[in-house]
Amino acid sequence: MAKKQKYYVVWKGHTPGIYNTWDECQAQTKGFEGAQYKSFESETEAKFAFKEKAEKHLYAKTKPTQSKESLLEVGKPIMESIATDAACSGNPGAMEYQGVSSKTKKRLFHYYHPRGTNNIGEFLGLVHGLSYLKRHNIDLPLYTDSVNAIKWVKAKKCRTKLERTPENEDLFEYIERAEKWLQENTYTTKILKWHTESWGEIPADFGRK
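Residues numbered from 1 in each chain as written. Predicted model: local features only at pLDDT ≥ 70, side-chain atom pairs only at ≥ 80, totals over all residues. Heavy atoms only, no water.

Chemist: Break down the packing of aromatic side chains for me, citing the residues and quoting the values.
Modeler: Tallied over the entire structure, the rule returns 12 aromatic pairs. Through a chain of ring-to-ring contacts, three or more aromatic side chains come together here, namely Y97, F109, Y111, Y132 and Y174. One cation-aromatic arrangement involves K51 over F48; the distance from NZ or CZ to the ring centre is 5.9 Å. Between K105 and the ring centre of Y37, over which it is positioned, the NZ or CZ distance is 4.6 Å. (Phe/Tyr/Trp six-rings, centres within 6.5 Å; stacked < 30°, edge-to-face > 60°. Lys NZ or Arg CZ within 6 Å of the ring centre and 35° of its normal.)

Next up, the structure:
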């Protein structure tokens, strides 16, 4: 089945505009502090969005009839925070995660592996975020949109079902270092769930959905 065409609006980037591929969008936003961008299902929707303020779309609430969460129940996100997210092409496949400033979208850390899973990326991203905040002595909450990642971090164990092979041995060694960090360190960071249905995509989202 062919992958559905998406359109990417870049409000703030090297050259703001509407782009037809993720690679084109990434070229305009990578390394640009405070970049603002989002994907849309149709070119018409993207054109209308581009004419409006980015904030209207980046953290827009979904329609009440479509959402299981109401803005009244979950409140608004704390933008003085760090957000993490993962993306994976295939299962397993090319996996990466990143941590960004929720307010500016500036990338703070990033990791890539050619043979991982999305759940592994979410877990590693969350642990990396905890380590980053502690190492830099930063007191900010940490957001993830993954319930599994939160559970795995609390259990101090990556409960992946991915088979360990020579091709992903380095990834499993990385996972073991993350688990070891959780076992040997304490932290005061608040791990918070990003409510996608009420707030839109998490700031660390790769925009490939």
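From this point, things continue past the structure.
Chemist: Describe in detail the packing of helix 5 (residues 118-135) against helix 6 (residues 147-155), supporting the description with residues and values.
Modeler: Two elements in contact, helix 5 and helix 6, have axes separated by 9 Å at closest approach and are oriented at 60°. One finds that helix 5 runs oblique with respect to helix 6. Helix 6 is crossed by helix 5, and the crossing has right-handed handedness. Listed contacts from helix 6 to N119, I120, E122, F123, L126, V127 and L130 of helix 5 are N148, A149, I150, W152 and V153. (Axes fitted to C-alpha atoms, helices over the stretch in contact; angles between N-to-C directions. Helix = DSSP H or I, 4+ residues; strand = E, 2+ residues; numbered from the N terminus. Parallel < 35°, antiparallel > 145°, perpendicular 65-115°, else oblique. Left-handed = near helix turned anticlockwise from the far one by under 90°. Contact = heavy atoms within 4.5 Å.)

Chemist: Got a sec to walk through the packing of helix 5 against helix 7 (residues 169-184)? Specific residues and values, please.
Modeler: The interhelical angle for the contact between helix 5 and helix 7, taken along N-to-C directions, is 45°, at an axis separation of 10 Å. One element, helix 5, and the other, helix 7, form an angle in the oblique class. The crossing of helix 5 and helix 7 is left-handed. Seen from helix 5, the contacting residues are I120, F123, L124, V127, H128, L130, S131 and K134; seen from helix 7, they are L171, Y174, I175, A178, E179, W181 and L182. Class assignment of the residues belonging to the contact of helix 5 with helix 7 gives a composition of 11 nonpolar, two polar and two charged. (Nonpolar A, V, L, I, M, F, W, Y, C, P; charged D, E, K, R; others polar.)

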